[in-house]
Amino acid sequence: MMTRWNGCLLLTLLLMVVTTPAHAAPCKPVGANALVEFDFRETPLRDVTRWISCARNLNIMFQTADLSRHKVTWISSRKVKGRSLQRRFEAMLRQEGLRLRRNGGFLVIESAP
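What counts as what
- Residues numbered from 1 in each chain as written.
- Predicted model: local features only at pLDDT ≥ 70, side-chain atom pairs only at ≥ 80, totals over all residues.
- Heavy atoms only, no water.
- Helix = DSSP H or I, 4+ residues; strand = E, 2+ residues; numbered from the N terminus.
- Buried < 20%, exposed > 50% of the residue type's maximum accessible area, 1.4 Å probe, protein only.
- Contact = heavy atoms within 4.5 Å.
- Areas by Shrake-Rupley, 256 points an atom, 1.4 Å probe, with all protein chains shown as cover.
- pLDDT = per-residue confidence, 0-100.
- Disulfide = S-S within 2.5 Å.
- Pairing = 2+ DSSP bridges.
- Salt bridge = Lys/Arg side-chain N within 4 Å of Asp/Glu carboxyl O.

We now examine the overall build of the protein chain. On a plain count of helices and strands, the protein chain comes out with four helices and seven strands. Reading the protein chain from its N end, one meets helices and strands in the order α-β-β-α-β-α-β-β-α-β-β. Counting only residues that meet the buried cut, the protein chain has 33% of its 113 residues in that class. Counted over contacts in the protein chain with a minimum sequence separation of 6, partners at least 24 positions apart contribute 69%. Counting only carbon and sulfur atoms, one obtains 53% of the accessible surface of the protein chain, whose full area is about 7400 Å².

And the structure:
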């Protein structure tokens, strides 16, 4: 049975999940062996997160909404395999003082301790 507190928490988490702007490109999954390259320069983290979320079918949300507006630079120097994207994304987050933490079926972007 869902309590009112659990319902409020669930609603809050859903509101913080990466949203898709109307002008965004369609979501394109990337296979594990597919080669991709990317070039995000001073890009809001929410846009980078939406891209990797679609590419690797990940459910990612932000601990706080202000993190989604944080601007990041993440560039591949060459084509990389799709299976390495999450590891590379986590490395970029660490450089920004952030981390990716598993919480049930979601990954949460939060400030690193």
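Anyway, onward from the coordinates.
What follows is about the confidence of the model for the protein chain. Per-residue pLDDT for the protein chain averages 85, and the proportion of residues at 70 or more is 78%. Of the regions scoring below 50 in pLDDT, residues 7-23 engages in 18 contacts with residues more than four places distant in sequence or in other chains.

Turning our eyes to something else, we now look at the state of the cysteines. Following the criterion strictly, the structure yields one disulfide and no others. Disulfide pairing places Cys27 opposite Cys54 at an S-S distance of 2.4 Å. Judged by the sign of its S-S torsion, about -130 degrees, the cystine formed by Cys27 and Cys54 is left-handed. Of this pair, Cys27 sits in the loop between α1 (4-16) and β1 (35-36) while Cys54 is found in helix α2 (residues 45-56), placing the two residues 27 residues apart along the sequence. A residue is classified by how much of its surface remains accessible, and Cys27, at 41% relative accessible area, is partly exposed.

Pairing of strand β6 (residues 98-103) with strand β7 (residues 106-111), which is carried by six bridges, proceeds in the antiparallel orientation. Paired with Leu98 across the two strands is Ser111, which belongs to β7.

Here the structure, examined in full by the defined rule, presents three salt bridges. The closest approach of N and O atoms between Arg101 and Glu110, which form a salt bridge, is 3.0 Å. Since its relative accessible area comes to 29%, Arg101 is described here as partly exposed. Overall, Glu110 belongs to the buried group, its relative accessible area being 4%. A cluster of three or more residues bridged by salt bridges with shared partners is formed by Arg99, Arg101 and Glu110.

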